[in-house]
Amino acid sequence: MIKRAPIFTCVALAAAALWGAAGSASAQEQVVNLYSARHYQTDEALYSNFTKATGIKVNRVDADDAGILARLKAEGAASPADVILLVDAARLWKGDLDGLFKPIKSPALEAAIPVNLRAKESAEGTTWFGFSTRARIVVYDKIRVKKADVDSYEELADPKNKGLLCTRSGAHPYNLSLFSAMTEHLGEAKTEQWLKGLVANMARDPKGGDTDQIKAVASGECGVALTNSYYLARIMRSNAPEDKLVADRVGVVFPNQESWGTHVNIAGAAVAKNSRNAANAVKFMEYLATPDAQNYFANGNNEWPAVPSVKFNNPALKAMTGGSFKAETIPVSAIGYNQTKVQQMLDRVGYK
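In what follows, the accompanying structure is described. Just so we're clear, the structure is a prediction, and the values are computed from it rather than from any experiment. (Residues numbered from 1 in each chain as written. Predicted model: local features only at pLDDT ≥ 70, side-chain atom pairs only at ≥ 80, totals over all residues. Heavy atoms only, no water.)

**Regarding the environment of aspartate 96**
Mapping aspartate 96 onto the fold places it in helix α4 (residues 89-97). A sequence separation of 178 residues divides aspartate 96 from asparagine 274, and the C-alpha atoms of the two residues are 13 Å apart. Ignoring anything within four residues of it in the chain, the contact list for aspartate 96 reads Phe101, Ala119, Thr127 and Trp128. A polar atom in the side chain of aspartate 96 sits 2.7 Å from the side chain of threonine 127. (Helix = DSSP H or I, 4+ residues; strand = E, 2+ residues; numbered from the N terminus. Contact = heavy atoms within 4.5 Å. Polar contact = N/O pair within 3.5 Å; in protein donor to acceptor, adjacent residues only side chain to side chain.)

The following block contains the structure:
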């Protein structure tokens, strides 16, 4: 992942450049101004191919989810943004709640994207759509831990796994989204007890990112950890000797295959409320749902396409799952709705 510059410096400079680009555009030039929280070099092909296919130039501002939403609020009606591309369902929900997105009606998107991977439809249209999914999976030390002991999220809080669990911060969006989904499945009281059990089973205080959790399991520091699927896929696809050792040492579980399925989060997009190029923005989002673009998500960043009919060939994803897995089907918008309650739970149970 590309190292990020300070958020407001990065976005302010880039936004100024967008204004310049928009102001100097000729009558024939078509543009779409993109605020993106995706920092993957492989996405460059997405944007260049869209321009080749449509003639619409993509001007991009890179920042993180929270920074983009803060910037949109600060810019207000003066914002040059047309498309907002975020990597967490809860942040999409929050942007929608704050009135930062424009509802759109697109038969192409409505036909392609499953109902549970997009915002609830209103009379004006739909505010955001998911375009790729990533699973919140479990990795475990194949030497020390039995797969059957960690094949559900609930079991991670069982005393049999005491002293084995490692995670990144509980307040990170990837964990907040999982914990919010668990609240939807279990209810508030049982989820808080579950979180308390996770804290009791920690091998160390939460720290680092998802790749750090995987490597900590491989080194023996931890016995089991939570990670997004694409972090493990990157390691599995790497030719570096040290990554091959990590991949050989850890096992992988897609939890809750016998119940509600594995938690998935999304990367998704919305048209900015004050977009000056709304028609181009819709074209860009419709392009993201095409088979070519969906394959870039799958093969470039090891994510699953949001469009169920798209066929892809990613060896790491297939090796992890054996070809397919059962994903939970709760509306991803519920993940955002539960987050305030989850943050309060984390404070009460002492999850750092």
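**Here we look at empty space enclosed by the protein**
Scanning the entire structure with this criterion turns up one cavity of 30 Å³ or more. Size it by volume and the largest cavity reaches roughly 40 Å³. Elements represented by at least two residues in the lining of the largest cavity include exactly α2 (44-54) and β2 (56-62). Here the residues of the lining of the largest cavity are counted per class, giving three nonpolar, two polar and five charged. (1 Å grid on protein atoms, 1.4 Å probe; cavity = no way out; pocket = protein on both sides within 12 Å on 5 of 7 lines; lining within 4 Å. Points joined across faces, edges and corners; volume = space filled by probe spheres on them. Nonpolar A, V, L, I, M, F, W, Y, C, P; charged D, E, K, R; others polar.)

**Structural notes on the state of the cysteines**
Following the criterion strictly, the structure yields one disulfide and no others. In this model cysteine 166 forms its disulfide with cysteine 222; the gap between the sulfur atoms is 1.9 Å. With the S-S bond torsion at -80°, the cross-link from cysteine 166 to cysteine 222 turns out left-handed. Within this pair, whereas cysteine 166 is found in strand β6 (residues 165-166), its partner cysteine 222 is found in the loop between α8 (210-219) and β7 (224-228), the two being separated by 56 residues in sequence. (Disulfide = S-S within 2.5 Å.)

**Comments concerning the side chain of aspartate 210**
In this structure, aspartate 210 sits in helix α8. At 3.0 Å, the side chain of aspartate 210 forms a polar contact with the side chain of arginine 168. Ignoring sequence-local partners within four residues, the contact set of aspartate 210 consists of Arg136, Arg168, Tyr174, Leu226, Thr227, Asn228 and Tyr231.

**Focus: the layout of surface pockets**
In this approach a probe as big as a water molecule rolls over the atoms, and the regions it shows empty are the leftover space. In this structure, the largest pocket encloses a volume near 440 Å³. For the lining of the largest pocket, the secondary-structure elements that each account for two or more residues are β10 (304-305) and α13 (315-321). Ranked by residue count, the leading element in the lining of the largest pocket is α13, at three residues. A breakdown of the residues in the lining of the largest pocket according to their chemical character gives 13 nonpolar, six polar and three charged.

**Re α8**
For α8, every residue scored as buried is listed here: Asp210, Gln213, Ile214, Ala216, Val217 and Ala218. Two residues or fewer after α8 comes glycine 220, characterised by a positive phi angle close to 95°. (Buried < 20%, exposed > 50% of the residue type's maximum accessible area, 1.4 Å probe, protein only.)

**Quick notes on the packing of aromatic side chains**
All chains considered together, the criterion is met by nine aromatic pairs. The interplanar angle of 75° and the centroid separation of 5.7 Å between the aromatic rings of phenylalanine 179 and tryptophan 194 together place this pair among those described as edge-to-face. Of this pair, phenylalanine 179 sits in helix α6 (residues 173-186) while tryptophan 194 sits in helix α7 (residues 188-200); the two residues are 15 residues apart in sequence, bridging distant segments of the chain. Of the two residues examined, phenylalanine 179 and tryptophan 194, each falls in the buried class. Put simply, the rings of Tyr47, Phe50, Phe284 and Tyr287 touch in pairs and so form one group of aromatic residues. (Phe/Tyr/Trp six-rings, centres within 6.5 Å; stacked < 30°, edge-to-face > 60°.)

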